[in-house]
Amino acid sequence: MSLFKRLLNPKTYKPSKKDGLSKYVPEKKLPLDEKFTQNFNQNGGKFLYCITPQEILEAFDNILLENDWYEQEVFCIDSNLAKRFDGFNLDFNTNIAGKFFLTSCESLVANDGAILFSSNQIKEKKMNELPSNIIVFATTSQFTENISEGMRIIQNKAAGNIPTNITTIKDFKTESEKEKDFMSYGSSTKNLYLLLLEDL
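Model, not experiment: these values are computed from the prediction. (Residues numbered from 1 in each chain as written. Predicted model: local features only at pLDDT ≥ 70, side-chain atom pairs only at ≥ 80, totals over all residues. Heavy atoms only, no water.)

## Describing the packing of aromatic side chains
Aromatic ring pairs: the centre-centre distance and the angle between the two ring planes describe each pair. By the definition in use, this model includes 11 aromatic pairs. Centre to centre, the rings of Phe36 and Phe47 are 6.5 Å apart; their planes meet at 50°, and the pair counts as tilted. Pair noted here: Phe36 is in helix H2 (residues 32-42) and Phe47 is in strand E3 (residues 46-50), with a separation of 11 residues, a long-range link. The exposure class of Phe36 is buried, given its relative accessible area of 0%. With a centroid separation of 6.3 Å and an interplanar angle of 85°, the aromatic rings of Trp69 and Tyr193 are classed as edge-to-face. Of this pair, Trp69 sits in the loop between helix H3 (53-67) and strand E4 (73-75) while Tyr193 is found in strand E12 (residues 191-197), placing the two residues 124 residues apart along the sequence. Classification of Tyr193 by relative accessible area gives buried; the value is 3%. If you follow Lys46 out to its NZ or CZ, it ends over the ring of Tyr193, 5.0 Å from the centre. (Phe/Tyr/Trp six-rings, centres within 6.5 Å; stacked < 30°, edge-to-face > 60°. Helix = DSSP H or I, 4+ residues; strand = E, 2+ residues; numbered from the N terminus. Buried < 20%, exposed > 50% of the residue type's maximum accessible area, 1.4 Å probe, protein only. Lys NZ or Arg CZ within 6 Å of the ring centre and 35° of its normal.)

Right under this line is the structure:
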């Protein structure tokens, strides 16, 4: 119904209602963490939320146990992460042929459940060159609404020295799941665990 008809004959205009609300009431926005979690799980990622650093170590130990990754080579560029997870009888090195890739990230993108990386985490490697198993350590302060916001954060932190090779990963499905979903055709699938530490 046009605006003029509604103004001239207000008795005939009835807004459509859904759950008792007018169609003009905006939808409730999910908090960033909930939005990210839903999209990340739909993408096939495995999400482990932890409140303390001790819980992070326990979750990491459970991942190693689940996959039988003890006494393996681990591709890890970040020496701080290697120190944090030292004590699990792993060989941390920069050999890309490691059993899994242990890394941090730039941000967690809520609107599509993706993880934003740059050369700070992956150097100049392409996603298909990285090991198929990835464990990402991140904190709740790294949630962003979208990739643009994540890019702004990278620019602000870089102070003129912007990292290269900025990319996202959001396909964590198995090959059989990918065959059912034509939208993920041709993308590099990763078995990805996210260790998320509450820091807010």
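There's plenty left to go through after this.
## Considerations on the sheet that holds strand E10 (residues 143-144)
With mixed pairing, the four strands of this open sheet are ordered in space as E10-E7-E8-E11. Strand pairing shows two members of the sheet lacking a second neighbour, E10 and strand E11 (167-169), which therefore form its edges. In terms of strand pairing, strand E7 (residues 107-109) meets E10 through two bridges, oriented parallel. Paired with Val109 across the strands is Thr144, a residue of E10. (Pairing = 2+ DSSP bridges.)

## So, the pattern of salt bridges
One pass over the structure, following the stated rule, counts three salt bridges. In this structure, Lys157 engages Glu106 in a salt bridge whose closest nitrogen and oxygen atoms are separated by 3.3 Å. With Lys157 in helix H6 (residues 147-158) and Glu106 in the loop between strand E6 (100-103) and E7, this residue pair connects regions lying 51 residues apart in the sequence. Lys170 is the partner of Asp112 in a salt bridge, and the nearest nitrogen-oxygen pair spans 3.6 Å. Pair noted here: Asp112 is in the loop between E7 and strand E8 (114-117) and Lys170 is in the loop between E11 and helix H7 (175-180), with a separation of 58 residues, a long-range link. (Salt bridge = Lys/Arg side-chain N within 4 Å of Asp/Glu carboxyl O.)

## Notes on the side chain of Ser104
When you line up the elements, Ser104 lands in the loop between E6 and E7. For Ser104, the residues in contact, after removing those within four places along its chain, are Asp78, Leu81, Phe117, Gln121, Val136 and Phe137. (Contact = heavy atoms within 4.5 Å.)

## A few points about unusual backbone geometry
For Asp68, which is not a glycine, the phi torsion comes out positive at approximately 55°. Note on placement: Asp68 falls in the loop between H3 and E4. For Asp68, a relative accessible area of 57% translates into the label exposed. For Asn89, which is not a glycine, the phi torsion comes out positive at approximately 60°. Tracing the chain through its elements places Asn89 in the loop between helix H4 (79-84) and strand E5 (91-93).

## Details of the sheet that holds strand E9 (residues 133-139)
If you walk across this open sheet you meet the six strands as E3-E12-E9-E6-E4-E5, and the pairing is parallel. With partners counted over all chains shown, the strands left at the sheet margins are E3 and E5, one partner each. Going from strand to strand, the sheet's axes swing by 25° on average, the running direction of each strand aside. Across two bridges, the pairing between E4 and E6 is parallel. (Axes fitted to C-alpha atoms, helices over the stretch in contact; angles between N-to-C directions.)

## What about H6?
With 12 residues, H6 should cover 16 Å at 1.5 Å per step; its first-to-last C-alpha distance of 16 Å lies within 8% of that length. Every buried residue belonging to H6 is among Gly150, Ile154 and Ala158, and all of these are buried. The arc that holds every buried residue of H6, seen down its axis, measures 70°, which confines them to one face. A side-chain oxygen of the first residue of H6 lies 3.3 Å from the backbone nitrogen of Ser148; this N-cap is Asn146. (Expected span 1.5 Å × (residues − 1). Arc of directions from axis to C-beta. Polar contact = N/O pair within 3.5 Å; in protein donor to acceptor, adjacent residues only side chain to side chain.)

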